[in-house]
Amino acid sequence: MKGRFFYRMILPDSNIYLWIIGVGILIIGYYNLFIGLLGAILLLYLIYYNVKQKTQKKEELRLYIEKLSESVDFATKNAILNLPFPLVISDDEGNISWYNSLFLEIFQGDYLLDKKVDTYLPGYDTEIILKEEKKEFRNTKVKDRYYDLHCEPFNVSEDGKDKRIIITYLVDKTEYMNLKNRYLEEKNVVAILEVDNLDEVLKDVEEASEPVILADLDRIIGSWAAINNASIQKYFNGEYILHFNQKQLTLMEEKRFEILDTVREINSGNKIPLTLSIGVGVNGKTHAELQKFAKSAMDIALGRGGDQAVVKNYDKLSFYGGKSKAVEKRTRVKARVIAYALRQLIEQSQDVLIMGHEMPDLDCMGASLGIYRCCKNHNKPVRIVLDGVNAGIDNLWAELKEDEEYDDVFVKRNDAIAIASKGTLLIVVDVHRPSFTVEPLLIEKVEKKVIIDHHRRGTEFIDDAVLTYIEPYASSTSELVTEILQYMFEKPKIKQIEAEALLAGIFIDTKNFSFQTGVRTFEAASFLRRAGADTTLTRQLFQDNMDTFLARAQVVKNAQMYKNNIAISVISKHIDNPALIAAQAADELLNIKGINASFVLSEIENYIFISGRSLGDINVQVVLEKLGGGGHLTVAGAQLSDIDMEEAIALVKKAVDEYIKEGER
């Protein structure tokens, strides 16, 4: 208040002067009444003049402000009309109500009023804009150019009614996008090419044909590199490194790496077709990182059976090819090296945990028991992680429970996490995908991990394993473990039930030695037979009860044909052991003439499990990989969540259609 008083005293306010004059007139009137009256008349005039002047100044100020507002409005409107950007105004229903000449130029003079704005601007969504959830749409392609759309909703009044409009202006990003696309197209790419089975092919040909085959191989790969403007360096027979750019890679992917088919068609005296694997590294920050990506992609391609191309873009993997049957390419040297390395790891560990996949089958259990015996023979504390028994291993489990040695061998997942320590060695068998194991948290807790598996490698993988033994050429994990047992000890000691479990694992994955069976498979079975495995008792591990047999028969009966040679069937919800019956029914369907592949779907809680089987003409692994699954060319599986059975069947059919379409390219 005190400040405001001094403020008024300093500023020239006419009211103060009038008050002073009024006081002076009162004093004069006290001494001279006549002069005081004249002064009062003069004071009234001054007051009148003062009020008039103030009123006039207020009116002048009002007129000035109104004129200034009109100028600002005019400037604003003029600025909007002459913005150097294409601009369009639409109502709250997305209808175009106005646009400037630059916007009209984009559409070459089309009449746009009252048309829907989203028909001209892809991705434009009026509802989202009005809710203020999104006001920008970046890199929108309109005609042949790219724009960023900037939208701003406003409330306006028209004819006494309130309504909302949206002002959208387009910022041209074409030059930026062209530069970006050019940069991406010219980025370096490294590819490693390796013939999977060159040694095997050359062993079976006449000596005179060897240089012809090698020359044809060099010529075909060299021509392919030249067509794709790639530099090529051969560093060994059947092994090459290529350097090219991202644009060429896109063309290769569009043609699905046709070089794979071209190499397979080489016929220069060879009885076995040559197969090629390609590992491609993309988007590495340095050349060293690009080569690392390419090497990792090559490892994955070989781990999946070869005859395919794998493109690695950081953590993203793309697969091409891989539809032919893998030719057995395994050496005893590798099995011997793996056995020696595993023995060293077991000896250096405090204790060992063995873990397979959820809902284990006989192959998983047989491999687990085989590794258990390896550890036992080294006097190491060892446990097998098993969280539940299913119908597939019921018979084996009953046999194990009769032997007191196995009373404390099996441990549940929570107990396994509790006993795991820094010195624990975790051996994962018959699976390499963390999410498919009995307990993924155990993989994170244990530092030293070993993987032994025969499935083709997928995108999900246990990356930090100290020892990885994945052989997609093997019939089963039980076969791999049997070989490890032979090379780990001079005179392997194994109990009869363990030998029978390993033999049962080979039986079930080879369908009684009819699928994925090589020379090494029979040799492993022969060793197990000498170790005491009784084939009659082994067969009893596969016996089913009458309910299971009838349920399987019903699934086969209800199968529907798709694409003339593919059977698809569904298991009813009320049937017990649906996963086991699905696998058995899928196998049974292949015994029917005219069926080359089968898919059987079962529902367990909120998941739908798919069992895929094939005679080899159709790669069910590639089909089910499209649904997040995996496996082998002839045996694969997948699981889906949060969908119903009809949707699942539709997805299977879609995956089959895509597979067939890719094969036609």
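- Going by the annotation in an unreviewed UniProt entry, the name recorded for the protein chain is Cyclic-di-AMP phosphodiesterase, with Lutispora saccharofermentans given as the source organism.
- According to the UniProt record, the Sequence similarities (unreviewed entry) comment for the protein chain reads "Belongs to the GdpP/PdeA phosphodiesterase family."
- Taken verbatim from the UniProt record of the protein chain, the Catalytic activity (unreviewed entry) comment is "3',3'-c-di-AMP + H2O = 5'-O-phosphonoadenylyl-(3'->5')-adenosine + H(+)".

1. Some thoughts on the overall build of the protein chain
Stage number 1. Helix and strand counts for the protein chain stand at 24 helices and 23 strands.
Stage number 2. For 665 residues, the compact-globule estimate of 2.2 N^0.38 gives 26 Å, and the C-alpha radius of gyration of the protein chain, at 41 Å, exceeds that figure by more than 25%.
Stage number 3. Seen through its principal axes, the protein chain has C-alpha atoms that stretch 150 × 60 × 50 Å.
Stage number 4. Expressed as a percentage of the 665 residues in the protein chain, the buried residues total 47%.
Stage number 5. In the protein chain, of all internal contacts separated by at least 6 residues, the share reaching a separation of at least 24 is 63%.
Stage number 6. If you sum the accessible surface of the protein chain, you get close to 35,400 Å²; carbon and sulfur atoms cover 53% of it.
Stage number 7. One finds the centroid of the 81 positive side-chain charges in the protein chain at a distance of 5 Å from the centroid of its 98 negative side-chain charges.

2. Some details on a nonpolar patch on the surface
Stage number 1. Where nonpolar side chains cluster on the molecular surface, the patch consists of I28, F34, I35, L38 and I41 and spans about 510 Å² of accessible area.
Stage number 2. A residue is classified by how much of its surface remains accessible, and F34, at 58% relative accessible area, is exposed.

3. Description of the pattern of salt bridges
Stage number 1. A complete count under the given rule lists 24 salt bridges for this structure.
Stage number 2. E483 is paired through a salt bridge with R520; the nearest N and O atoms lie 2.7 Å apart. Residue E483 is found in helix α17 (residues 477–488), and its partner R520 is found in helix α19 (residues 519–530); the two are separated by 37 residues along the sequence. Taken as a pair, E483 and R520 share a single burial class, namely buried.
Stage number 3. Each member of the salt-bridge network shares a partner with another, and the members are R373, D403, E405, K495 and E498.

Parameters and conventions
Each chain carries its own residue numbering, running from 1 in the written order of its sequence. Since the coordinates come from a predicted model, pLDDT governs what is reported: local features require at least 70, and pairs of side-chain atoms require 80 or more to be given and counted, while whole-chain, interface and lining totals use all residues. The side-chain values count all of the structure's non-hydrogen atoms but skip hydrogen atoms and water molecules. UniProt positions are given in the numbering used here, feature names are shortened, and annotations may be inferred rather than shown by experiment. Only runs of H or I of at least four residues qualify as helices and only runs of E of at least two qualify as strands under DSSP, and these elements are numbered from the N terminus. We compute the radius of gyration from the C-alpha atoms alone; for a globule the expected value is 2.2 Å times N to the 0.38, where N is the number of residues. Buried residues are those whose accessible area, probed at 1.4 Å on protein chains only, stays under 20% of the maximum for their type, while exposed residues exceed 50% and partly exposed ones sit between those limits. Between two residues, a contact is recorded if the distance between any of their heavy atoms is within 4.5 Å. Accessible areas in this description were obtained via Shrake-Rupley with a 1.4 Å probe; residue shielding takes into account the shown protein chains only. Counting rule applied: Lys, Arg positive; Asp, Glu negative; His and chain ends not counted. Taken as the charge location is NZ of Lys, CZ of Arg, CG of Asp or CD of Glu. Patch criteria: residues need more than 30% relative accessible area and no salt bridge. Like-charged residues are merged within 9 Å; nonpolar side chains of Val, Leu, Ile, Met, Phe, Trp and Tyr are merged within 5 Å. The term salt bridge refers to a pairing of a side-chain nitrogen on Lys or Arg with a carboxyl oxygen on Asp or Glu at a separation within 4 Å.

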